[in-house]
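Each chain, written out:
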Amino acid sequence: MLGKRREAGRSSRLHVLGTASLKAARGHCGELLTLVKRFPNMLEDGRRQAKMLDVIDLTLEFHDHLIPETVVEHLNLHMDEGDIVGLVGESGSGKSMTALAVAGLLRRHDMKKTGQIVFQGKELLSCPRKELRALQGDEIGIVFQEPMTSLNPVYRIGWQVEESLRIHRPAMGKDERRQHAMEMLSAVELADPERIYASYPHQISGGQRQRVMIAAAMICAPKLLIADEPTTALDVTVQLQIVKLLMKLNRERKTAVLFISHDLSLVKRLCTRIVVMKDGRIVEQGSMQDIFYHPQEDYTQKLIAAIPRCVKKPTATNA
Ligand SMILES: Nc1ncnc2c1ncn2[C@@H]1O[C@H](COP(=O)(O)OP(=O)(O)OP(=O)(O)O)[C@@H](O)[C@H]1O
Ligand SMILES: [Mg+2]
């Protein structure tokens, strides 16, 4: 009897609990619907969190003159793991400013930065300097246009390639660091890595210096490599070699590359997605095929029309 009553009590409690949970669940659904109605971008924002890099409504203004200068305006771009995105546009369009902001290198007090740069779930614009430093060189690697100014002339190449390891892998011993550096110098296809390791920057060529810069940027296996005009100072054949090297590193190490260049023919070879900028704004973005074969905007069409084409000299047979 007592057992039956206990059983009945439990089942009615379960029933009450079930009804209460159901009511609560209905309540939560209602709240969720209200939230979605109030903030229609909420679901989109939820999906955005999954991206490796998500730049949301980024605006950068210089306040170092009487009149503020907006150099990047309402910029939105995203990158997934292993993407190769090309950032193109005329000189002064804001490509480098965007790259510096993503790398967390725009820490000037006379600059106003609004929007968000979310890298692997972390917002970088509001991130404390210490946390940014932990990312730079480790999760985010950077290669600039001019390797001679990026490399320190008084230190040997080996020492400079190992720099990120000394900062981010303090427990690593000297021999292991050297081994890593030698492996990375070989990975960027430098012949005779022993000699390069022991050389000073002025003792190697421009193309070799750029490979060294890529090795230094890649030594901690970053998730994102930002390459700002990495080939501009090089001759055409070396430019192509560097692009092929970036493709190889992206394929083998799954490193995403944000490739900034004036040279649309290189961008076409390397990038799967392209973002076109003008006057600090994105004019158009899309897949390589869309941008090169079906450009929608006048500006993109003009940029593509301006790519120099190789015209064969007429010969007796094809004239
Ligand atoms: N230190 C600075 N103070 C004020 N304005 C600046 C500063 N540095 C750059 N700018 C301005 O920011 C704008 C964007 O410059 P940015 O260097 O991003 O151009 P870019 O697209 O990289 O050009 P390029 O292809 O020539 O490298 C330019 O109008 C430039 O004049
Ligand atoms: Mg630039």
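It should be noted that the structure appears before, not after, this text.
Residues numbered from 1 in each chain as written. Chains lettered and ligands numbered in written order. Predicted model: local features only at pLDDT ≥ 70, side-chain atom pairs only at ≥ 80, totals over all residues.

### Section: the overall build of the protein
So, point 1. Summing up its helical and strand segments, the protein has 14 helices and 10 strands in all.
So, point 2. Looking at the protein residue by residue over its 319 residues, the buried ones come to 31%. (Helix = DSSP H or I, 4+ residues; strand = E, 2+ residues; numbered from the N terminus. Buried ≥ 20, exposed ≤ 12 C-beta atoms within 10 Å, placed from the backbone.)

### So, the site of ligand 1
So, point 1. Inspection of the region around ligand 1 gives 13 residues, with Val71, Ser91, Lys95, Ser96 and Met97 positioned closest.
So, point 2. At the level of secondary structure, the elements contributing two or more residues to the shell around ligand 1 comprise strand E2 (69-79) and helix H3 (95-102).
So, point 3. With three residues, H3 is the single largest residue contributor to the shell around ligand 1.
So, point 4. Split by residue class, the shell around ligand 1 holds three nonpolar, seven polar and three charged. (Near = placed C-beta within 6 Å. Nonpolar A, V, L, I, M, F, W, Y, C, P; charged D, E, K, R; others polar.)

### Re the packing of helix H10 (residues 206-218) against helix H11 (residues 236-253)
So, point 1. Between H10 and H11, the shortest axis-to-axis distance is 10 Å and the interhelical angle comes to 20°. On the basis of their axis angle, the class for H10 and H11 is roughly parallel. Here H10 runs over H11; the crossing is right-handed. Contacts between H10 and H11 pair Gly207, Gln210, Arg211, Ile214 and Met218 from the former with Val238, Gln241, Ile242, Leu245 and Leu249 from the latter.
So, point 2. Class assignment for the residues of the contact of H10 with H11 results in six nonpolar, three polar and one charged. (Axes fitted to C-alpha atoms, helices over the stretch in contact; angles between N-to-C directions. Parallel < 35°, antiparallel > 145°, perpendicular 65-115°, else oblique. Left-handed = near helix turned anticlockwise from the far one by under 90°. Contact = placed C-beta atoms within 7 Å.)

### A few points about the pairing of strand E10 (residues 281-287)
Within a regular strand, the side chains alternate between the two sheet faces.
So, point 1. Examined bridge by bridge, strand E9 (residues 273-278) and E10 share six bridges and lie antiparallel to one another. Among the inter-strand pairings, Met277 is bridged to a residue of E10, identified as Ile282.
So, point 2. Once E9 ends, the chain turns through two residues before running back antiparallel as E10, passing Asp279 with a positive phi of about 50°. (Pairing = 2+ DSSP bridges.)

### Let's talk about helix H8 (residues 174-187)
So, point 1. Its 14 residues give H8 an end-to-end C-alpha distance of 20 Å, which sits within 8% of 20 Å, the value for a rise of 1.5 Å per residue.
So, point 2. Tucked into the core, H8 has its buried residues touching helix H6 (157-161), helix H7 (163-168), helix H9 (193-198) and H10.
So, point 3. Looking one or two residues past H8, Glu189 carries a phi angle of roughly 60°, positive in sign. (Expected span 1.5 Å × (residues − 1).)

### Looking at H11
So, point 1. For H11, which comprises 18 residues, the first-to-last C-alpha distance of 26 Å matches the rise-based estimate of 26 Å (1.5 Å per residue) to within 8%.
So, point 2. Looking only at H11, the buried set comprises Gln239, Ile242, Val243, Leu246 and Leu249. Mapping the buried residues of H11 onto a view down its axis gives an arc of 120°, with all of them on the same face. Counted as exposed and oriented over 90 degrees from the buried face of H11: Thr237, Arg251 and Glu252. (Arc of directions from axis to C-beta.)

### Focus: the pairing of strand E4 (residues 111-119)
So, point 1. Relative to E4, strand E1 (residues 53-62) runs antiparallel, the two sharing eight bridges. Paired with Asp54 across the bridge in E4 is Val118.
So, point 2. Bridge count for E4 against strand E5 (residues 122-123) is two bridges, and the pairing is antiparallel. Residue pairing for E5: Val118 is matched across the bridge by Glu123.
So, point 3. Linking two consecutive strands that pair antiparallel, namely E4 and E5, is a turn of two residues; a positive phi of about 50° is found at Gln120 within it.

### Notes on the nonpolar core
For soluble globular proteins, the rule of thumb is that nonpolar side chains tend to be buried together.
So, point 1. Judged by nonpolar contacts, the single largest core of 68 residues is most densely connected at Val102, Val161, Ala215, Ile226, Leu258 and Phe259.
So, point 2. By residue number, the principal contributor to this core is H10, which donates seven residues.
So, point 3. Once residues within four sequence positions are removed from consideration, Phe259 is found in contact with Ile84, Val85, Gly86, Ala227, Leu246, Val267, Leu270 and Cys271. (Core = buried A, V, L, I, M, F, W, Y, C linked by C-beta atoms within 7 Å.)

### Digging into the sheet that holds E9
So, point 1. What the six strands build is an open sheet, ordered E6-E7-E8-E3-E9-E10; its pairing is mixed. Bordering the open sheet on either side are strand E6 (140-143) and E10, each of which pairs with just one other strand. The average angle at which neighbouring strand axes cross in this sheet is 15°, direction not considered.
So, point 2. Direction of pairing for strand E3 (residues 84-89) relative to E9: parallel, over a ladder of five bridges. Bridge pairing in E9 places Leu87 opposite Val275.
So, point 3. Sitting on the sheet, H3 touches E3, strand E7 (224-228), strand E8 (256-260) and E9, and the angle it makes with E8 is about 150°.

### Section: unusual backbone geometry
So, point 1. In this structure, Glu189 is a non-glycine residue whose phi angle is positive, near 60°.
So, point 2. Residue position: Glu189 is located in the loop between H8 and H9.
So, point 3. You will see that Ala221, though not glycine, has its phi angle at about 55°, which is positive.
So, point 4. Within the element layout of this structure, Ala221 appears in the loop between H10 and E7.
So, point 5. Residue class for Ala221 comes out partly exposed when judged on the 14 C-beta atoms lying within 10 Å of it.

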